[in-house]
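# Examination of the molecular architecture
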Amino acid sequence: RKEVEQDPGPFNVPEGATVAFNCTYSNSASQSFFWYRQDCRKEPKLLMSVYSSGNEDGRFTAQLNRASQYISLLIRDSKLSDSATYLCVVPRLRGNQFYFGTGTSLTVIP
Amino acid sequence: NAGVTQTPKFRVLKTGQSMTLLCAQDMNHEYMYWYRQDPGMGLRLIHYSVGEGTTAKGEVPDGYNVSRLKKQNFLLGLESAAPSQTSVYFCASSYRPPGQGNEKLFFGSGTQLSVL
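Residues numbered from 1 in each chain as written. Chains lettered and ligands numbered in written order. Predicted model: local features only at pLDDT ≥ 70, side-chain atom pairs only at ≥ 80, totals over all residues. Heavy atoms only, no water.

## Let's talk about the interface of chain A and chain B
Inclusion rule: Note on contacts: a residue pair qualifies if any of its non-hydrogen atoms lie within 4.5 Å across the two residues. Accessible area, probed at 1.4 Å, shrinks when two parts are joined; the buried area is that loss added up over both. Counted as a polar contact is a pair of N or O atoms within 3.5 Å, where, for protein atoms, one must be capable of donating a hydrogen and the other of accepting one, and residues adjacent in sequence contribute only when both atoms are in side chains. Put simply, DSSP H or I for four residues or longer makes a helix, DSSP E for two residues or longer makes a strand, and each gets a number counted from the N terminus. Amino acids are sorted into nonpolar (Ala, Val, Leu, Ile, Met, Phe, Trp, Tyr, Cys and Pro), charged (Asp, Glu, Lys and Arg) and polar (every other residue, Gly among them).
The interface of chain A with chain B comprises 21 residues on the first partner and 28 residues on the second. Of the roughly 1,800 Å² buried at the junction of chain A and chain B (both faces included), carbon and sulfur atoms supply 61%. Connecting chain A to chain B are three residue pairs in polar contact (both at pLDDT 80 or more). Breaking the side of chain A that touches chain B down by element, the ones donating at least two residues are strand 4 (33–38), strand 9 (84–92) and strand 10 (97–100) of chain A. Partitioning the side of chain A that touches chain B into residue classes produces 10 nonpolar, seven polar and four charged.

Shown next, in the form of structure tokens:
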């Protein structure tokens with residue numbers, strides 16, 4: 001099983017829609033989780049951090065379900081500018097590694 | 001406010017040629033990483049460093065070497081490039097190590113490398 005798995009999509013949604021992505025992780029000892037946003041041919045940039053049950057920042061909400069070992073990212077009132085690839089990242093102290101999902105592609109359609 | 005700077009941005013090599021990618025950060029971070037990103041594969045760790053003078057292998061280290069002679073610089077070398085090394089390379093740095101909280105990664109803008 002991969003360390004981090006994401007649905008690659010693509011998700012094509014109309015402006016104003018609500019969309020949710022899930023990410024599953026294999027290491028039950030993981031304590032922190034991240035969502036990064038990556039625009040085409042650009043570097044990933046941190047979108048949200050999740051350390052406990054969840055985090056909210058404006059239209060974005062990240063939730064953690066430890067029992068089922070997944071985190072989700074909810075985007076409300078989608079904007080055209082939200083079109084990007086969203087990467088789930090799970091750090092692990094052992095091995096000094098950050099594990100990246102393959103990313104979920106989102107396109108918001110006018 | 002440079003953050004993480006990678007050079008070059010683009011490079012085309014012939015099989016067997018060598019090159020070095022430079023990553024420089026001005027945030028006094030201890031932890032630095034080199035990743036490659038291929039379609040459908042996500043970012044994979046090549047090598048990393050936990051401080052000046054230290055390096056360690058990541059998930060896909062074969063064919064690459066690294067050096068961290070100065071805290072702010074992390075160099076990635078390809079001694080004899082192969083077409084399988086065609087990829088986008090990202091350098092990243094962080095203030096804290098993975099798993100210890102607040103371990104935000106700062107990325108360079110990437111290097112598109114093609115090996116013919």
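## Considerations on the side chain of S49(A)
Residues and elements named next belong to chain A. Condition: Between buried and exposed lies partly exposed: a residue is buried under 20% and exposed over 50% of the maximum accessible area for its type, with that area taken using a 1.4 Å probe on protein chains only.
Residue position: S49 is located in strand 5 (residues 45–50). Overall, the relative accessible area of 17% leaves S49 in the buried class. The contacts of S49, once residues within four sequence positions are left out, are F33, F34 and N55.

## Here we look at the state of the cysteines
All names here are of chain A. What counts is decided by this rule: We call a pair of cysteine sulfur atoms a disulfide when they lie within 2.5 Å.
With the rule as written, the count across this model stands at two disulfides over all chains. Disulfide partner of C23: C88, at an S-S distance of 1.9 Å. Taking the sign of the S-S torsion, -70° for the link of C23 and C88, the bridge is left-handed. One end of the pair, C23, is in strand 3 (residues 19–25); the other, C88, is in strand 9, with 65 residues separating them in the sequence. This pair shows no difference in class: C23 is buried, exactly as C88 is.

Spatial relationships are all this shows, so hold off on functional conclusions.
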